Amino acid sequence: ADIAAADLASLRALAWQRDLLLWVRGAMPYWNRSSGADHLWPAMHDEGACYSPAELRHATLLTHWGRTHTRPNGSSEYHLWRVDPHARGMYGWSRCYDPCKDIVLPSWRRPEAMGASPYLRRSSGGGGGDGGGGDGGGSGRDLLFYFNGNLGGTSQFENYSFGVRQQLRREYGHLAARAQRFADGGASGGGGVPYGERVIVTDVKTPRYSEMLSRSTFCGVMPGWGWSGRFEDAVLHGCIPVLLQDGIHTPFETVLDWRSYAVRVPRDQIGGMRRRLLELSPPAVQAMQLRLSQVWRRFTYGSVVAAERARAAAAGRPQGPGAALAAHGADDAVATLLA
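Definitions and limits used
Here the residue numbers are simple positions, counted from 1 along each chain's written sequence. Local features in a predicted model are, by the rule used here, given only for residues with pLDDT of at least 70; side-chain atom pairs are given and counted only at 80 or more, and totals for whole chains, interfaces and linings are based on all residues. Hydrogens and waters are ignored; side-chain quantities use all the structure's heavy atoms. Whenever a carboxyl oxygen of Asp or Glu lies within 4 Å of a side-chain nitrogen of Lys or Arg, that contact is scored as a salt bridge. We call a residue buried when its accessible area falls under 20% of the maximum for its residue type, exposed when it is over 50%, and partly exposed in between, using a 1.4 Å probe and counting protein chains only. Numbering of helices and strands starts at the N terminus; helices are DSSP runs of H or I of at least 4 residues and strands are runs of E of at least 2. If DSSP finds at least two bridges between two strands, the strands pair. Contacts: residue pairs with any heavy atoms within 4.5 Å of one another. Lines fitted to C-alpha atoms define the axes, with helix axes restricted to the stretch in contact, and inter-axis angles between N-to-C directions lie between 0 and 180 degrees. Side-chain rings of Phe, Tyr and Trp, where Trp is taken by its six-membered ring, are said to pair if the distance between their centres is within 6.5 Å; with planes under 30 degrees apart they count as stacked, over 60 as edge-to-face, and otherwise as tilted. For a lysine, the NZ atom is tested; for an arginine, the CZ atom; a charge sits over a ring if that atom is within 6 Å of the ring centre and within 35 degrees of the ring normal. Working definition: a disulfide is two cysteine sulfur atoms within 2.5 Å of each other.

(A) Spotlight on the pattern of salt bridges. Counting across every chain of the model gives 12 salt bridges. Notably, a salt bridge pairs R33 with D38, separated by 3.5 Å at the nearest N-O pair. Take D38: its relative accessible area is 47%, and that puts it in the partly exposed class. The partner of E211 in a salt bridge is R215, with the nearest N and O atoms 3.2 Å apart. With E211 and R215 both in helix α6 (residues 209–215) and four residues apart, this pair spans about one turn of that helix. A network of salt bridges, in which partner residues are shared, links D142, D184, R208, E211 and R215.

Below, the structure written as C-alpha cells:
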C-alpha cells in the first residue's frame, strides 16, 4: 500500500532512532552489556515513544507522553505504527509508555510565558503569590475553570485529543462568553456572573493567557495530537490541574503524589465536572493550592535557565528573560529526575 506523506513522520522517527541506537552500540562500550537497562533514552515526539525502536524496551525512556494503554491506536494523524510491517518493530506495538520503568518529564515552558505566575511575581518584586511554602497565591482567583486551546472545531481535527476537547466544548462552551466578559470587566461587565458559572472553555487566543491561568482555581488538562503542556501551564500558575485524560500519566506521576495537587475526572463524567469542582470544600482546595506551592519547581527547568544566564553573563551577552525563574533552580525537573 502507498504510504501517505503524513505517515512518513513515524517512519522517519523510527529510522532516525535506529540509526542512533546502532551508533551507540558500536561507539559506546556499555549499552550492549545490559541491552540499555541502565540507560536513559529521550523520546520527545508528540506521541512519545510510540515510534521508537522496540529494541529500547529495556531502557528507561524519558517522554512527555505517559499513555498507559496496551496496543493503543493512534491519537493523531500518524497512524502508520499500527500498520504492518512497520509497527511490529516499534516500541508502541505493545505500549508507548511503561510506568514501571519509563518517566514522564515536564515539557519546557518559556520563562516569559509565565509572567503572571504568582510564584514568580514575588521573586521579581511584583508582590503577590508565594515563591515557597505559602498558599501559592490562592486568593484573587475569581474564575472557577479555564481552558484555552484548540477545540477540534474542523473535520481535520475530528480525532484530535481523542475527542475530549470537543466534548468539553459541547458541555461548557456556552458559558465562555459571559464568563469572559466578567474576566474582562469585573462584576459590572459580567453582569454579576455567579462563581459557579465562571467557566471559560475557548479556542480564542489571548495575550493574557498567563493572567487567566493565575486567576483560575482549576485548569483543564487534555491531550492534543499526543502530549500537551497544559498540565505544566496549570501547575506553574498555581491553578489546580483537572486531568481529563483517561489512562494517561502526567509528568512525574510515578514519583510525586498527584492526588495532593490535582483532580482527575474520568471522561464519562465530564458532564458532572463543574458540580464536582464546586463540591470540593474550601479547605480541600486550599490544601491542593498549598501543595502546588511546594512542588511547582519540580515542573520547571530553573537550573537550566540559571546556567544559560550565567554563560551569557560570562560571555558578555544579554542574559535575556528568566531571572525570577533562575532564582528557583533548586529542586527543579532536572534535580527530580536525578534524585
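Next comes the rest of the write-up.
(B) Just the sheet that holds strand β8 (residues 240–243), in detail. Spatially, β6-β5-β7-β8-β10 is the arrangement adopted by the five strands of the open sheet, whose pairing is parallel. Edge positions in the sheet fall to β6 (199–202) and β10 (263–264), since each has one partner strand and no second. Bridge count for strand β5 (residues 143–148) against β6 is four bridges, and the pairing is parallel. Counterpart to Y146 in the pairing with β6 is I200. Each of β7 (216–221), β8 and β10 touches helix α9 (residues 282–295); the most contacted strand, β8, lies at about 105° to it.

(C) Focus on the packing of aromatic side chains. Within this structure, the stated rule accounts for 11 aromatic pairs. Ring geometry for F157 and Y160: centres 5.4 Å apart, planes at 85°, overall edge-to-face. On the accessibility criterion, Y160 (9% relative accessible area) is buried. Ring centres of Y261 and F299 lie 6.2 Å apart, and the angle between their planes is 70°; on these two criteria the pair is classed as edge-to-face. Remark: F299 occurs in the loop between α9 and α10 (302–314) and Y261 occurs in the loop between β9 (248–249) and β10; sequence separation between them is 38 residues. Relative accessible area serves as the criterion here: at 0%, Y261 is assigned to the buried category. Judged by its relative accessible area of 1%, F299 is buried. Three or more aromatic residues joined by ring pairs form one cluster here, namely F231, F252, Y261 and F299. The residue whose ring lies beneath R198 is F182, and the NZ or CZ to ring-centre distance is 4.0 Å. Looking at R264, its charged tip hangs above the ring of W258, at a distance of 4.6 Å from the centre.

(D) Expanded view of the state of the cysteines. Under the counting rule described, the total for this entry stands at two disulfides. Through a disulfide, C50 is tied to C96; the S-S separation comes to 2.0 Å. With the S-S dihedral at roughly 110°, the linkage between C50 and C96 falls on the right-handed side. With a gap of 46 residues between them, C50 in the loop between β1 (40–43) and β2 (60–63) and C96 in the loop between β3 (66–67) and β4 (103–104) connect regions that are remote in the sequence. Here C219 is linked by a disulfide to C239, with a sulfur-sulfur distance of 2.1 Å. A torsion of 105° about the S-S bond marks the disulfide between C219 and C239 as right-handed. Here C219, found in strand β7, pairs with C239, found in the loop between α7 (230–235) and β8; they are 20 residues apart in sequence, far enough to count as distant. Judged on exposure class, the residue C219 and its partner C239 are both buried. Look at the protein chain and number its bonded cysteines as they come in the sequence; the links are 1-2, 3-4.

Just distances and angles here, no functional claims.
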